[in-house]
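Structure at a glance
Read off the chains here:
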Amino acid sequence: MNEFAGFATPRGGGWWAMTRFARDAKSKPILGEGGAPIIFEDELGATKAALQHVLAYFNGHLVCSGEIAGGGIRDVKRAAAEKLFRGDKSVEVERVRAEA
């Protein structure tokens, strides 16, 4: 009934990444351009793609961690820091005492 799944299945000389969400009655392949299923060379690539899509579904507008896309935790944290401290922008803070 309320079942979620992400897995790889062998099809046509390659692998398909399959996802199943609670709103669907059965598993469906991840589709590429033109609406055709994406064929992966190996099971690991298809499994990573399925996991990436399932995590993106649960996280809403967030995509997924960089580890699944092939990066490391260090790369993800560095990219977040670079985004935060990019350029010569500085934030000036003025301390104001509250009057009692």
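Structure first, text after, so check above.
Residues numbered from 1 in each chain as written. Predicted model: local features only at pLDDT ≥ 70, side-chain atom pairs only at ≥ 80, totals over all residues. Heavy atoms only, no water.

1. Observations regarding the sheet that holds strand S3 (residues 28-29)
Going by this rule: Between any two strands, at least two bridges found by DSSP are needed for them to pair. Working definition: helices are DSSP H or I runs of at least four residues, strands are E runs of at least two. Numbering for both runs from the N terminus. Two residues qualify as a contact provided that any one of their heavy atoms is within 4.5 Å of a heavy atom in the partner residue. What counts as an axis is a line fitted to C-alpha atoms, over the stretch in contact for a helix, and the angles between N-to-C directions run from 0 to 180 degrees.
Here 3 strands make up an open sheet; going across it, the order is S1-S2-S3 and the pairing antiparallel. Across the chains shown, the open sheet's two edge strands, defined by having one partner strand only, are strand S1 (5-11) and S3. Bridge analysis of S1 against strand S2 (residues 14-20) gives 7 bridges, and the strand direction is antiparallel. The residue of S2 that forms the bridge with Pro10 is Trp15. In this fold helix H1 (residues 43-59) packs onto S1 and S2, with an angle of close to 20° to the strand it touches most, S2.

2. Concerning the packing of aromatic side chains
Selection rule: Pairing of aromatic side chains requires ring centres within 6.5 Å, counting the rings of Phe and Tyr and the six-membered ring of Trp. Pairs whose planes differ by under 30 degrees are stacked, by over 60 edge-to-face, and all others tilted. Per-residue accessibility, obtained with a 1.4 Å probe over protein chains only, is compared with the maximum for each type, and a residue is labelled buried under 20%, exposed over 50%, and partly exposed between these values.
Within the structure shown, the criterion is met by 5 aromatic pairs. Ring geometry for Phe4 against Tyr57: centres 5.9 Å apart, planes inclined by 45°, an arrangement best described as tilted. Remark: Tyr57 occurs in helix H1 and Phe4 occurs in the segment before S1; sequence separation between them is 53 residues. Judged by centre distance (5.6 Å) and plane angle (75°), the ring pair of Tyr57 and Phe58 falls under edge-to-face. According to the relative accessible area criterion, Tyr57 is partly exposed, its value standing at 34%. Among the aromatic residues, those joined into a cluster by ring pairs are Phe4, Phe21, Tyr57 and Phe58.

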